[in-house]
Structures are given as structure tokens and as C-alpha cells.
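Residue strings, one per chain:
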Amino acid sequence: MRIIVAIKQVPETKSVKMDEKTGTVIREGVEAIINPLDLYAIETALRLREKHGGEVIGISMGPSKAITALREAIAMGFDSGILISDSAFAGSDTWATSYILAEAIKRIGDFSLVICGERATDGDTGQVGPGIASFLDLPVASYVSKIQIPNFKSQISDWGTTLRVERLIEDGYEALSCSLPCVITVVKEVSIPRLPTLRGKQRAKRTEIPVWGRDDLDVDLSKVGVNGSPTRVVKIFRPKVTRQCEKVLAKDDESIKEAVDKLAHLYLRLLCR
Amino acid sequence: MAEQKDGRVQRISHELLSRGLELAEKRNCKLSAVIFGHSIKTNDLEELIERGADEVIAMEAAELEHFLVEPYAACMLKLIGQYRPEIIIAGATSTGRTLMPYVAVKAHAGLTADCTGLDIEKETNNLLQTRPAIGGNIMATIKTPKFRPQMSTVRPRSTKPAPRQRNRKGKIIRLVASKESLNSRIVRMDFIANEEEQSLGEADIVVVVGRGIKRAENIPLVRELADSLGAALGASRDVIDRGWLSYPHQVGLSGQTISPKLYIGIGVSGAIQHLAGMQTAEIIVAVNRDPNAQIFKVADFGIVGDLFEVLPVLTEHIKQTINNDR
Ligand SMILES: Cc1cc2nc3c(=O)[nH]c(=O)nc-3n(C[C@H](O)[C@H](O)[C@H](O)COP(=O)(O)OP(=O)(O)OC[C@H]3O[C@@H](n4cnc5c(N)ncnc54)[C@H](O)[C@@H]3O)c2cc1C
Ligand SMILES: Nc1ncnc2c1ncn2[C@@H]1O[C@H](COP(=O)(O)O)[C@@H](O)[C@H]1O
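Residues numbered from 1 in each chain as written. Chains lettered and ligands numbered in written order. Predicted model: local features only at pLDDT ≥ 70, side-chain atom pairs only at ≥ 80, totals over all residues. Heavy atoms only, no water.

1. Structural notes on the overall build of chain B
Helix and strand content of chain B: nine helices and 17 strands. For a compact globule of 326 residues, the expected C-alpha radius of gyration is about 20 Å, and chain B comes in at 22 Å, within 12% of that figure. Residues counted as buried form 60% of the 326 residues belonging to chain B. Pairs at least 24 apart in sequence give 64% of the contacts found in chain B among residues at least 6 apart. A total of about 13400 Å² of accessible surface is found on chain B, and carbon and sulfur atoms cover 47% of it. Of the charged side chains in chain B, 41 are positive and 39 negative; the average position of the first set lies 5 Å away from that of the second. (Helix = DSSP H or I, 4+ residues; strand = E, 2+ residues; numbered from the N terminus. Rg over C-alpha atoms; globule rule 2.2 N^0.38 Å. Buried < 20%, exposed > 50% of the residue type's maximum accessible area, 1.4 Å probe, protein only. Contact = heavy atoms within 4.5 Å. Areas by Shrake-Rupley, 256 points an atom, 1.4 Å probe, with all protein chains shown as cover. Lys, Arg positive; Asp, Glu negative; His and termini not counted. Charge placed at Lys NZ, Arg CZ, Asp CG, Glu CD.)

Shown next, in the form of C-alpha cells:
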């Protein structure tokens, strides 16, 4: 049985830059990493395979250099990776990205589970996971923090039919039973990502990673890229920094008391509003 | 899209009405509150009208008691077909952030996540949706010129709840969900409530503890302060990774994004990944003994000192101030 993980390559948090004209993230000349929250999706897939067997495939949509994200997943233990890349796909919003990724997943076929990260640290929407599920007409469990496959029987090569998950929501954990196939998005609590191994890295170098573009997928080109995307970024600006930190030194009884008084005052003002 | 829990309408619904009122006035159109659930309190539905809804559309069924993506999406799509709304806003909550993208795909609508500003563009009547991106370092304004409905999720606590006007009148429409729209391939088995009383995302005041606290045994010092302030307790990633507090407490890039009225950081350095989750707080206060700590760059008020000296005095003072107040 097959698990597909959607992996996004993002600029390193410290060096993100935006093109103020087009409202897109500048990806050239900036250090690119696997979306940190996708590492938990990768680890989850690897652990499921270790326990229940099967195959794990990474897919990523992005410019040609996003291939390194897939190589890294293979170095961590993935069986293979597929890069989705085409100039026609550039500038896709979450609707169009979900559409293209869902078409790629359909083409791979025969999967039990699709795993996404909770959200990407650049766009920061968390919409692509549920979006993929909707295009595939599958149920989605978001914010998953724990996973089990209860009715797995090791004699059969099959995975069973349901997945038990816990989902972390505002006021607690919700336990769900999901019929397979389904899509899940995972939070950090689900696992601790492993590091790539040396052997894995060597294997990753040798593994050929196919690149799929417009001719390989059944996508309507009028629904992808900048022009096919429903949403449009019209303005980018830096939030005004109006904070002027008033710093007080608290080094002896008196200055500590003064500092504490000030804080208490802030707090009381807040209570009165 | 109003939200309910155990039949009670949640605060986010009133915040959405506050946003909706502004937009409806500018567009000169009707404002409807839609809610899915089971045995929702009638009083609470009336309150939605008192807080600004012209009509409340309540769909009820046992299967809608808790959020399940398929039945909720099916019901919503049905209503979209029937009412053809111009704009749909929902909370950027675990429910809204799952339901809205699922629906937006099927409705072929644009969806903007986690908005903190909504407005109407005068010339075109398009919805202008402003949201923080890249950890709050940049704000982006997004439009959906060619597609309808225009959809957004709105960051909880980014606006005040609409005030209640007792004499406001409106209609409550109760709809019965059709059988086929209630199918779900996901079954909710159980719910395990958090040990904390207040959830981080919903608290007005959050006290966040960082590595400066040195060891797990010292955490109660910070918890005591949080309790005395009626605040929720949060933590930086370092504290979580060391196992001193559980993951639901984590604030930041790989944890929760919070926008409380007051954030108090105790022994937090203010790494960029931490700032990504809290810099939209209204007032930021930090206690750190390093005068050059990054956290002071985003703070309104900074106490430069040893937290082990400051904390006991502070907690004691707050306890007394509150006792005096009552
Ligand atoms: C991909 C990624 C995701 C991340 N996600 C998150 C996230 O979601 N949330 C998050 O918080 N971090 C996150 N981080 C980690 C982040 O970069 C920092 O490592 C972390 O926030 C630091 O935590 P801290 O401020 O508690 O600890 P430190 O950086 O060790 O700071 C401790 C501070 O306490 C002060 N201090 C020490 N002793 C005292 C004393 N006695 N009195 C007063 N002050 C004292 C010190 O001066 C120092 O400033 C992430 C990192 C990465 C790479
Ligand atoms: N271009 C992409 N390629 C592969 N996976 C993606 C892409 N964009 C988003 N995803 C997946 O969807 C999740 C949520 O992303 P986002 O909706 O952009 O915040 C990510 O954690 C990835 O798992």
C-alpha cells in the first residue's frame, strides 16, 4: 500500500523576501529548505511504513530546484519522489496548487493515505491539505497529533480499512476514525523527525526523480498559474512598527518594585477596558 | 459562519458579526449568520440577531453536533447554491481552517487565510482581505476579482465582538439537513479535554515561559503568575522540546499563533520563529536579564532583570492588587 506525502520547499525563515510588485515569494538566490512542518509529515509516513509495510512517495510542486527537497526525503528513507514543475504552474494560489497536486496524486494512484504538513511557513495558509482532499473527494483529518491503524493484519498485504487519529483542536484532542483512503495534515506533536543517513544520501543521489509538467497531468491550463488562480495579491506592505520598548532595569528591591508596579498598572488598565 | 460547541454559540461568531456588519453596511446588503449543530440554544440564536445578524440560518441534526468535514461542507455547499452569498467569512479556527478550504475548492471560490483586516474596495465592490504572511513580517492584501463567493477565514481575537442590542429584530430560519448531506467517512469516537482551563488561542492574557526558567521544577513559578492574572500559560519551543510543558502550550512557527491583548514573556529570547507566533499581540511585555534580547525589539515594555527575583514580587503584587480591587 502506498502513502503519498506533499512536501513544499520554502525559503529559510530568516531570509524570506517578497516581490512587492507581484506579491509572490522571491525564491531565487535564497536558501531553500523543506517546509519545517512537512518534516513531521515525512516522519509520520516513514513510521507507518516501518510498522505496516508499503511504499512512501514524496511529491513537490515548485521550480526545478525543489528537487533537492525530494532528494532529502529520499535520504530520510522515502522510496521515491516526483517533482511537479512547469512554468504554467508558477504563481498558483492554494486552489490551483491543490488542483495540480490532486491531479498528480490521481496519476500516481492506488494510495491509502496522503499526508500534508499543517501549513507552509511562507504562505502560511494550511489550505492545501484540505484542498487536495476536496479535489480527490476524500475525507480529511487536520491537525493530527497521533495515528494508529487498528485493524491492520500483518498476514495480509493490505492496510486494513480505517485509521484512528487524534486531532489537536483548541480545547483538547478529538479522537476520529477515518476510512481509508483519506488525507491527513499533521502537527509537530505527531513525531520527531529523523535525520538523513549517509546511505540514504547516497541512494538519494542515485535515485532518478521524474518531473511532471502540463503534458503529464490532466489539468485544465485555464485553472492554474497566476491567471487561473481565484485569489490575487494586490498589495504587500510591512506592518508599521509602532512599538517603542520602554525598558526598565530591575536590579535591586526598589527598582524591581518600580518595574512590577508599572506592569501591574498596564494589567489593571486592560481589565478596566 | 457562526460556530457552536455543545449547543452554545462561540465568541468567534460575535467577532465575525462585527466584521460582517461593517461589510454589509458598505455593500448595503443583508448579513446572515449560518450555524450547524444539534439542539443549539434558542437564546444563543437570538443573540446572533441582537449582535447584528439580519437572519440566522440554523441547520440542525445529530450528525452535525460536532464538526465533521464532509457533512458540514455538504450543508454549506447547499446553502451557497441556494442563497448565492457575495462573501463568506468564518473563524480561522481548527474548524474554519479545515471546512473553508474544502468548500472553496468545490465552490471554485478564492479563499484567503487568517485575515486580520477586511474592507470593501469602493470602485469595484471587491472584498479586500489583509493578512499577515511570513510570520507576521509582511502584510498582504488579497482580492478575488473574478470568482464568487469571496471567502476568508478571520483570525480569532483580531476584532471585538459586536455589541448586543436587545431590541434588534431578525428572522431565525431553521432548516433540516437532507439525509444524503449527512454522510461521513469520518466518525468522531471520543474527546479528551485539555488539562488547562483556558485555551491559548482564546485567552486575553497569555504568560509565556522560555528557557530562562532553567528547569521543569521552576515552571510552577510562572504558572502561579498566570493564574493570578487569569492568563493562559504558553511556552517557547525549547521548553516544549525539553518536556517541561506539553505541545498544546507551544507558541510560534511550529506551534500556535496567538494575538492576545497582553503577552508577557518570561525568560524568552525572542527568536524569529517565536516572534512569528506572537508579534500581533496588542501589548507585549518581556522579562529578560539580557538587555539586548531580541524580544525587546517587539516589546512595548521590558523589564531587564533576573526573572527569579522579579517573578515572586510580581505575582505577589498582582494577587494583592486584585484582592484590593474586589
Ligand atoms: C523550524 C523551526 C521552528 C521553530 N518553531 C518555534 C516555535 O514554534 N516556537 C518557539 O518558541 N520557537 C521555535 N523555534 C525555536 C526558536 O528558534 C528558539 O530556539 C526558541 O524560541 C528559543 O526559546 P527560548 O527563548 O525559550 O530560549 P533561549 O533562546 O535559550 O532564551 C532564553 C532567554 O532567557 C533569558 N534568561 C536566562 N536566564 C534568565 C533569568 N534568570 N532571568 C531573566 N532572563 C533569563 C536569556 O537572556 C535568554 O534571552 C523554531 C526553530 C526552528 C528552526
Ligand atoms: N507546492 C507544494 N508542493 C507540495 N506540497 C505542498 C505545496 N504547497 C503546499 N503543500 C502541502 O500543503 C501543506 C500546507 O501548505 P499551505 O496551504 O501552503 O500552508 C504543506 O505543509 C505541504 O504538505
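2. Comments concerning the overall build of chain A
Scanning chain A for helices and strands turns up seven helices and 15 strands. Dimensions of chain A along its principal axes, counting C-alpha atoms only, are 70 × 45 × 40 Å. The buried share among the 273 residues of chain A stands at 56%. Residue pairs at least 24 apart in sequence account for 70% of intrachain contacts in chain A once pairs closer than 6 positions are excluded. The distance from the centre of the 38 positive side-chain charges to the centre of the 36 negative ones in chain A is 3 Å.

3. Overview of the domain arrangement of chain A
Per the domain assignment, the segments making up chain A are domain 1 (2–223) and domain 2 (243–273). The C-alpha-based centres of domain 1 of chain A and domain 2 of chain A are spaced at 46 Å. (Domains from an automatic or database assignment.)

4. Regarding the site of ligand 2
Residue and element names in this part refer to chain A. Taken together, 18 residues lie near ligand 2, and A6, D38, A120, T125 and G126 sit nearest. Within the side chain of D38, one N or O atom sits 2.4 Å away from an oxygen atom of ligand 2. One nitrogen or oxygen atom from the main chain of G126 is found 2.7 Å from an oxygen atom belonging to ligand 2. In isolation ligand 2 exposes 470 Å². Once the protein is present, 97% of that is buried. Counting residues per element, the ones that place at least two in the shell around ligand 2 are β6 (55–61), α3 (94–108) and β8 (113–117). For the shell around ligand 2, the element with the highest residue contribution is β6, accounting for three residues. Here the shell around ligand 2 is built from residues that sort into eight nonpolar, seven polar and three charged. (Near = heavy atom within 4 Å. Polar contact = N/O pair within 3.5 Å; in protein donor to acceptor, adjacent residues only side chain to side chain. Nonpolar A, V, L, I, M, F, W, Y, C, P; charged D, E, K, R; others polar.)

5. Brief notes about the pairing of strand β7 (residues 80–84) of chain A
All names here are of chain A. Of all five residues in β7, four are buried, a share of seventy percent or more. As defined by bridge partners, β6 adjoins β7 across five bridges and the pair is classed as parallel. Counterpart to M61 in the pairing with β7 is I84. Pairing between β7 and strand β13 (residues 211–212): two bridges, direction parallel. Residue pairing for β13: I84 is matched across the bridge by W212. (Pairing = 2+ DSSP bridges.)

6. Considerations on the sheet that holds strand β3 (residues 32–37) of chain B
Residues and elements named next belong to chain B. Taken together, three strands build an open sheet; the order of strands is β3-β4-β11 and the sheet is parallel. Of all strands in the sheet, those with a lone pairing partner are β3 and β11 (171–176), marking the two edges. For this sheet, the mean inter-axis angle between neighbouring strands, taken without regard to orientation, is 20°. Note: β3 against strand β4 (residues 55–60), six bridges, orientation parallel. Along β4, the bridge assignment pairs V34 with I57. (Axes fitted to C-alpha atoms, helices over the stretch in contact; angles between N-to-C directions.)

7. Thoughts on the site of ligand 1
Residues and elements named next belong to chain B. Taken together, 27 residues lie around ligand 1, and R211, S236, V251, S254 and Q273 are the ones closest in. Between G252 and ligand 1, the recorded distance is 3.5 Å, taken from a backbone N or O atom to an oxygen atom. Between ligand 1 and L253 there is a distance of 3.0 Å, counted from an oxygen atom to a backbone nitrogen or oxygen. With the chains in place, 81% of the 990 Å² that ligand 1 exposes on its own is no longer accessible. Elements with a minimum of two residues in the shell around ligand 1: α6 (237–241), α7 (272–275) and α9 (307–325). Of the residues contributing to the shell around ligand 1, the split by class is seven nonpolar, 13 polar and seven charged.

8. Re the domain arrangement of chain B
All names here are of chain B. Splitting chain B by domain gives domain 1 (4–182) and domain 2 (205–325). Summarising the inter-unit geometry, the C-alpha centres of domain 1 and domain 2 are found 33 Å apart. Across the contact, five residues belong to domain 1 and six residues belong to domain 2. Of the roughly 500 Å² buried at the junction of domain 1 and domain 2 (both faces included), carbon and sulfur atoms supply 48%. On the domain 1 side of the contact with domain 2, G135, R155 and R157 bury the most area, a combined 66% of that side's loss. (Buried area = accessible area lost by both parts, 1.4 Å probe.)

9. What to know about the nonpolar core
I84 of chain A together with F36, L64, M76 and M151 of chain B are the most contacted members of the largest nonpolar core, which has 59 residues in total. Not counting chain neighbours up to four residues away, the residues in contact with L64 of chain B comprise Q4, F36, G37, H38, M59, P71, Y72, C75, A177 and L182 of chain B. If you look at the next biggest cluster of nonpolar residues, it comprises 45 residues, including L168 and Y267 of chain A together with V310 and L314 of chain B. (Core = buried A, V, L, I, M, F, W, Y, C linked by side-chain atoms within 4.5 Å.)

10. Considerations on the state of the cysteines
Simply put, disulfide is the name for a covalent bond between the sulfur atoms of two cysteines. Residue and element names in this part refer to chain A. This model, assessed by the stated rule, comprises zero disulfides over all chains. Here C182 stays free of any disulfide, with the sulfur of C178 as its closest cysteine sulfur at 4.7 Å. In this structure C182 comes out as buried when scored by relative accessible area, which is 1%. (Disulfide = S-S within 2.5 Å.)

11. Focus: the interface of chain B and chain A
Facing the 93 residues of chain B at the interface are 80 residues of chain A. With both chains or domains summed, chain B and chain A bury close to 7700 Å², and 61% of this area falls on carbon and sulfur atoms. Our enumeration of links across chain B and chain A arrives at five salt bridges. Its salt-bridge partner being D241 of chain B, residue K188 of chain A comes within 2.7 Å of it at the nearest N-O pair. In this assembly, chain B and chain A are joined by 45 residue pairs in polar contact (both at pLDDT 80 or more). Looking at which element gives the most residues to the side of chain B that touches chain A, the answer is α9 of chain B, with nine residues. Class assignment for the residues of the side of chain B that touches chain A results in 48 nonpolar, 26 polar and 19 charged. Of the strand pairs in this sheet, strand β15 (residues 246–250) of chain A and strand β17 (residues 301–305) of chain B are connected by five bridges, and their pairing is parallel. Within the sheet, the bridge partner assigned to L249 of chain A lies in β17 of chain B and is V304 of chain B. (Salt bridge = Lys/Arg side-chain N within 4 Å of Asp/Glu carboxyl O.)

12. Quick look at the environment of Q244 of chain A
You can see Q244 of chain A is positioned in the loop between β14 (232–237) and β15. The exposure class of Q244 of chain A is exposed, given its relative accessible area of 69%. Look past the residues within four positions of Q244 of chain A in its chain and what remains in contact with it is A299 and D300 of chain B.

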